Amino acid sequence: MSAPQKTYPAAPTDRIFSGVQPTGNLHLGNYLGAIRNWVRLQHDFESIYCLVDMHAITQFQDPDDLRANVREATAGLLAAGIDPKKSIVFNQSQVPAHAELAWILNCVARMGWLNRMTQFKDKAGKNREGASVGLFVYPNLMAADILLYRSTHVPVGDDQKQHLELARDIAQKFNGDYGVDFFPLPEPVINAEAARIMSLRDGTAKMSKSDLSDATRINLTDDADTIAKKIRKARTDPDALPSEVAGLADRVEARNLLTIYGALQDKTLEEVCAEFGGSTFADFKKALTEVAVGHLGPITAEMTRLTDDTTYVDSVLKDGALRARDLAAPILRDVHDIVGFLQPWGN
Ligand code: TYM
C-alpha cells in the first residue's frame, strides 16, 4: 500500500514573476512590452522582478560588462517606477535555488519540446552544434524561475509566449508524474497594444538588444537628440497616414510607429489613426519625437543617476535576493520531498 498523500501549503493566488536579460541596453520594446506593465501590476500583485544573469551567460558575456549591465538594467527598472520596497528586485545568480530547480525540471522537460523552441533556432542560427547546452535548456531555467515561487502570472511581450507555454507543460507534467497539484499553471499577461514593438529600420523584425544596428531601437539610455535622429531616420512608406486601422494593412513600419505613439500616450491604434489620418510622416514623426522624449526623458535622467549610485543599486539587489531566497526555500524543500530526495531535515 502506498503512503497517504502528503499535503503541501496552497499555492499563492496572485504572484507575479518576470525577468529581463541584462545583456545590453534596455530598449523601448522591453519598456512598452514588459517593464511598464510590471510597474502597473506591482500595485495589485505580489511581484518578483529578476535580472536574469544566468540566462545571459548562455551566450558569452564579458564579466565586467555583465556586472555593469546588471546594475544598469536594475537602475532602468527602478527609474521606470518599480518600487523595490513593494516588489522584489534581484539578480538571478544571487538565489541558487533557480539553478537547483532548473536541474529537476531538466529531468521533466522532453527533448522534443525544446527542439520546437523558435528562440533557440533564431539564436543558435546555422551553427547549432556550436551553441551552448545552456542555450538549448534555457527555457527550462525560465520555467524554474517562474515555478520556484509558484507564480501565477507572468507579464511578458509576445515573443516569450512559446516559452511560457513550455513552462505550463513542464508544470503540468511534474504535477502529473508525481501525482500532486503543486505548481500552478502560470498565465501569460500580454499587453495587446504593445505586445511586439518592431525595429525602426525593418517593420518585420522585432526591436531587439542583439540587433547589430543601434538605429533599429530606442534605448532607455538615449538622449533627446539621439531619439529625434532615430525617429527621423525610421523607415516609412510614401503614403500619407490612414485615418482607420484597416489602412495599415501591409504597412508594417507605419503600424509600428503609430503603435509606439499610442502605447506612449495610452491611446488605441484607432484613436491614433483618427488623430493623424491624412498627415505626412514628417509631421507625425515630429509629434512622436515630442511624446517619446517627454515620456522617456525623465526615466533616462533617473536611470543615469541611479546607475552611478552602485552602492544603492547593489543594496536593492541584495535585499531583493534575501527576500526571494526566503520565498523560494520552503517551495524547493517541498519539491525535494515530492521527488523523493532524502534530506537532513527529514521526509
Ligand atoms: P528579454 O530580456 O528578451 O526581454 C524582456 C522583456 O521584454 C519583452 N520584449 C519585448 N516586448 C515587445 N516588443 C519587443 N520588441 C520586445 N523585446 C523584448 C520580452 O517579451 C520580455 O518580456 N527569456 C526572457 C527573460 C526571462 C523571463 C523569465 C521572462 C527569463 N526568465 C521568466 C519571464 C519569466 C527574455 O529573454 O526576455
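All values reported here derive from a predicted model rather than from experimental measurement. (Residues numbered from 1 in each chain as written. Predicted model: local features only at pLDDT ≥ 70, side-chain atom pairs only at ≥ 80, totals over all residues. Heavy atoms only, no water.)

Here's the deal with the nonpolar core
With 59 residues, the main nonpolar core has Leu28, Tyr31 and Leu32 as its most contacted residues. A total of 10 residues in this core trace back to one element, the largest contributor, which is helix α12 (residues 281-308). Looking at which domains feed residues into this core, each of domain 1 (15-195 + 310-339) and domain 2 (214-305) supplies at least three. In this structure Tyr31 touches Arg36, Ala80, Leu220, His295, Leu296 and Ile299, once residues within four positions along its chain are discounted. Formed by 50 residues, the second largest nonpolar core is a distinct cluster that contains Leu135, Leu147, Ala171 and Ala321. (Core = buried A, V, L, I, M, F, W, Y, C linked by side-chain atoms within 4.5 Å. Buried < 20%, exposed > 50% of the residue type's maximum accessible area, 1.4 Å probe, protein only. Helix = DSSP H or I, 4+ residues; strand = E, 2+ residues; numbered from the N terminus. Domains from an automatic or database assignment. Contact = heavy atoms within 4.5 Å.)

Focus: the site of the ligand
Taken together, the neighbourhood of the ligand is formed by 28 residues, with Gln21, Tyr138, Asp145, Asp159 and Ile197 sitting nearest. A distance of 2.6 Å separates a nitrogen atom of the ligand from a polar side-chain atom of Tyr138. Residue Gly157 places a main-chain N or O atom 2.9 Å away from an oxygen atom belonging to the ligand. Residue assignment for the shell around the ligand shows that the elements contributing at least two residues are β1 (15-20), α1 (28-41) and α7 (133-147). Considered class by class, the residues forming the shell around the ligand number 13 nonpolar, 10 polar and five charged. (Near = heavy atom within 4 Å. Polar contact = N/O pair within 3.5 Å; in protein donor to acceptor, adjacent residues only side chain to side chain. Nonpolar A, V, L, I, M, F, W, Y, C, P; charged D, E, K, R; others polar.)

Regarding the environment of Tyr138
Position of Tyr138 relative to the elements: it lies in helix α7. Residue Tyr138 is classed as buried on the basis of its relative accessible area, which comes to 7%. If we skip the residues at most four places from it in the chain, Tyr138 touches Gln21, His55, Thr58 and His163.

Regarding the domain arrangement of the protein chain
Interface size is commonly expressed as the accessible area that is lost once the parts come together. Partitioning the protein chain into structural domains gives domain 1 (15-195 + 310-339) and domain 2 (214-305). Facing 15 residues of domain 1, the contacting portion of domain 2 comprises 17 residues. Across the domain 1/domain 2 interface, buried area totals approximately 1,400 Å², and carbon plus sulfur atoms make up 67% of it. Three residues stand out in domain 1 for area buried against domain 2, namely Leu28, Tyr31 and Glu193, and they jointly supply 35% of the buried area on that side. Linking domain 1 with domain 2 are one salt bridge, by the criterion used here. With a shortest N-O distance of 3.0 Å, Arg40 and Asp266 are connected by a salt bridge. (Buried area = accessible area lost by both parts, 1.4 Å probe. Salt bridge = Lys/Arg side-chain N within 4 Å of Asp/Glu carboxyl O.)

Digging into unusual backbone geometry
Even without glycine at this site, Arg150 takes up a positive phi of about 50 degrees. Tracing the chain through its elements places Arg150 in the loop between α7 and β4 (153-155). For Asp266, which is not a glycine, the phi torsion comes out positive at approximately 55 degrees. If you trace the backbone, Asp266 turns up in the loop between α10 (252-265) and α11 (269-276). The exposure class assigned to Asp266 is exposed, which follows from its relative accessible area of 54%.

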